[in-house]
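What the coordinates show
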Amino acid sequence: MIIAQTIAQVRQNITDARQKGKVIGLVPTMGGLHQGHYSLIRRCVEECDYTAVSIFVNPTQFAPGEDLKGYPRTFEADSEGCKDLDADLIFAPASEEIYPGQGTDPSDPLTWIHVEKVTSHLCGTSRPGHFRGVCTVVAKLFNIIQPDIAYFGQKDAQQLAVIRQMTKDLNFPIEIIGCPIVREKDGLAMSTRNKYLDSEQRKQALCLNKALKRAEEMIVAGQKNCQPVIDEMTKVIQQYPQAKVDYISIVDSDLLQPVTRIVPPVLIALAVQVGPARLIDNILVVPTDKKQ
Ligand code: PAF
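**Details of the environment of Tyr196**
- Tracing the chain through its elements places Tyr196 in the loop between strand 6 (175-179) and helix 8 (199-204).
- Distance from Tyr196 to Arg278, taken between C-alpha atoms, is 9.5 Å for residues 82 residues apart in sequence.
- In this structure Tyr196 touches Asp67, Gly70, Tyr71, Pro72, Gln201, Pro276 and Ala277, once residues within four positions along its chain are discounted.
- Polar contacts involving the side chain of Tyr196 include one to the side chain of Asp67, which spans 2.7 Å.

Structure representation (structure tokens):
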């Protein structure tokens, strides 16, 4: 497995692989890898001839005061994990490789990717500028690596929808694959930010999954209006003193616009601050005939 730190190195390796006729897959990450990431890498290795994993804590998607500085950096363990899964290349650039003027030139970059509408609710409201940073770095990674297929987790459902939209609008010839949420045995969605939780907060973090389960029960029992579901989910979260709701929303699954009636497919998404960790989770409610 190659560990590349420069764009030139990556381009050389990818060109060689492409000349051999290989299908290139990309798994973009910020490191701090867990079983959720490993499920994406596993799928990429299964479906593609060449798997590139990017590990880059992207500064432009963090607002001032967010956890850029403290974001887990576990490169040694991450690269071992990638190697064990048979990834072919890790792209782990320094910040200056991606943003050459950062720190010295405040006007870098001058070109940003902003996806409208899909970013107008959910995390787009609570984290202004976040998706602009995500899309800009993912577009850069797409241009540098030029994968045939790229893999993203459904846990960041809005990120997945935004990237699908960007890929379509900018005509990237890349297939975007969304992969299922991986959960701990007790239901907590895997996230790098779970590392911030102490043992009591870890217990309280189960409120996200509990609220989603309650929503599912209500929908199965026939509830068709969003507000009672949102109210009930809020009540569930309020039982956990260290949990503070950022948002609980029910949106259409395509452009992520709020809906008032539950007409599948809809996405039920929430963000909750638990102690130091801002956690997100979601479920996709699909039409009954599409259930597996
Ligand atoms: O999901 C992430 O880890 C990041 O947002 C991504 C897609 C790697 C862009 O920095």
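**Some details on empty space enclosed by the protein**
- Going through the model one piece at a time under the given rule, you end up with 1 cavity of 30 Å³ or more.
- Looking at the largest cavity, the residues that line it are Lys155, Gly187, Leu188, Ala189, Ser191, Asn194, Ala205, Leu208, Asn209, Leu279, Ile280 and Asp281.
- Of all the secondary-structure elements, those providing two or more residues to the lining of the largest cavity are helix 9 (207-220) and strand 9 (277-285).
- Ranked by residue count, the leading element in the lining of the largest cavity is strand 9, at 3 residues.

**Focus: the site of the ligand**
- Inspection of the region around the ligand gives Pro28, Thr29, Met30, Asn58, Gln61, Val137, Val138, Phe152 and Gln159 as its neighbouring residues.
- The separation between an oxygen atom of the ligand and a polar side-chain atom of Gln159 is 2.7 Å.
- When the ligand is considered free in solution it has 290 Å² of accessible area, and contact with the protein chains removes 90% of it.
- Secondary-structure elements contributing two or more residues to the shell around the ligand are strand 2 (24-29) and helix 6 (130-145).
- Among the residues forming the shell around the ligand, the class breakdown is 5 nonpolar, 4 polar and no charged.

**So, the sheet that holds strand 9**
- With antiparallel pairing, the 3 strands of this open sheet are ordered in space as 7-8-9. Of all strands in the sheet, those with a lone pairing partner are strand 7 (243-252) and strand 9, marking the two edges. Mean inter-strand twist for the sheet, computed between neighbouring axes without regard to direction, equals 15°.
- Note: strand 8 (residues 266-274) against strand 9, 9 bridges, orientation antiparallel. Bridge pairing in strand 9 links Ala271 to Ile280.

**Focus on the side chain of Arg127**
- Tracing the backbone shows Arg127 in the loop between helix 5 (123-126) and helix 6.
- Of the residues examined, Arg127 reaches a relative accessible area of 10% and is grouped as buried.
- With residues near it in sequence (within four places) discarded, Arg127 still touches Gln61, Glu66, Arg193 and Arg278.

**Details of the packing of helix 9 against helix 10 (residues 226-238)**
- Across the interface, helix 9 lies against helix 10 with an axial gap of 9 Å and an inter-helix angle of 150°. By the angle between their directions, the pair helix 9 and helix 10 is classed as roughly antiparallel. In the crossing of helix 9 with helix 10, the sense of the turn from one axis to the other is right-handed. Contacts from Cys207, Leu208, Lys210, Ala211, Leu212, Arg214, Ala215 and Met218 of helix 9 reach helix 10 at Pro228, Val229, Glu232, Met233, Val236 and Ile237.
- For the contact of helix 9 with helix 10, the per-class residue count stands at 11 nonpolar, no polar and 3 charged.

**Structural notes on the packing of helix 6 against helix 7 (residues 157-169)**
- One way to put it is that helix 6 packs onto helix 7 with a least axis distance of 11 Å and a crossing angle of 55°. It follows that helix 6 is oblique to helix 7 by the angle criterion. The handedness of the crossing between helix 6 and helix 7 comes out as right-handed. Every residue of helix 7 that contacts helix 6 at Phe131, Val134, Cys135, Val138, Ala139 and Phe142 is listed here: Gln158, Gln159, Val162, Ile163, Met166 and Thr167.
- Looking at the contact of helix 6 with helix 7, its residues break down into 9 nonpolar, 3 polar and no charged.

**Some thoughts on a nonpolar patch on the surface**
- A surface patch of nonpolar side chains, about 230 Å² in accessible area, is lined by Met1, Ile3 and Phe75.
- Classification of Met1 by relative accessible area gives partly exposed; the value is 37%.

**Section: the environment of Ile250**
- You can see Ile250 is positioned in strand 7.
- Excluding residues that lie within four positions of it along the chain, Ile250 makes contacts with Cys226, Val229, Ile230, Gln257, Pro258, Val259, Ile262, Val266, Leu267 and Ile268.

Definitions and cut-offs
Residues numbered from 1 in each chain as written. Predicted model: local features only at pLDDT ≥ 70, side-chain atom pairs only at ≥ 80, totals over all residues. Heavy atoms only, no water. Helix = DSSP H or I, 4+ residues; strand = E, 2+ residues; numbered from the N terminus. Contact = heavy atoms within 4.5 Å. Polar contact = N/O pair within 3.5 Å; in protein donor to acceptor, adjacent residues only side chain to side chain. 1 Å grid on protein atoms, 1.4 Å probe; cavity = no way out; pocket = protein on both sides within 12 Å on 5 of 7 lines; lining within 4 Å. Points joined across faces, edges and corners; volume = space filled by probe spheres on them. Near = heavy atom within 4 Å. Areas by Shrake-Rupley, 256 points an atom, 1.4 Å probe, with all protein chains shown as cover. Nonpolar A, V, L, I, M, F, W, Y, C, P; charged D, E, K, R; others polar. Pairing = 2+ DSSP bridges. Axes fitted to C-alpha atoms, helices over the stretch in contact; angles between N-to-C directions. Buried < 20%, exposed > 50% of the residue type's maximum accessible area, 1.4 Å probe, protein only. Parallel < 35°, antiparallel > 145°, perpendicular 65-115°, else oblique. Left-handed = near helix turned anticlockwise from the far one by under 90°. Patch = residues over 30% accessible without salt bridge, like charges linked within 9 Å, V, L, I, M, F, W, Y side chains within 5 Å. Salt bridge = Lys/Arg side-chain N within 4 Å of Asp/Glu carboxyl O.

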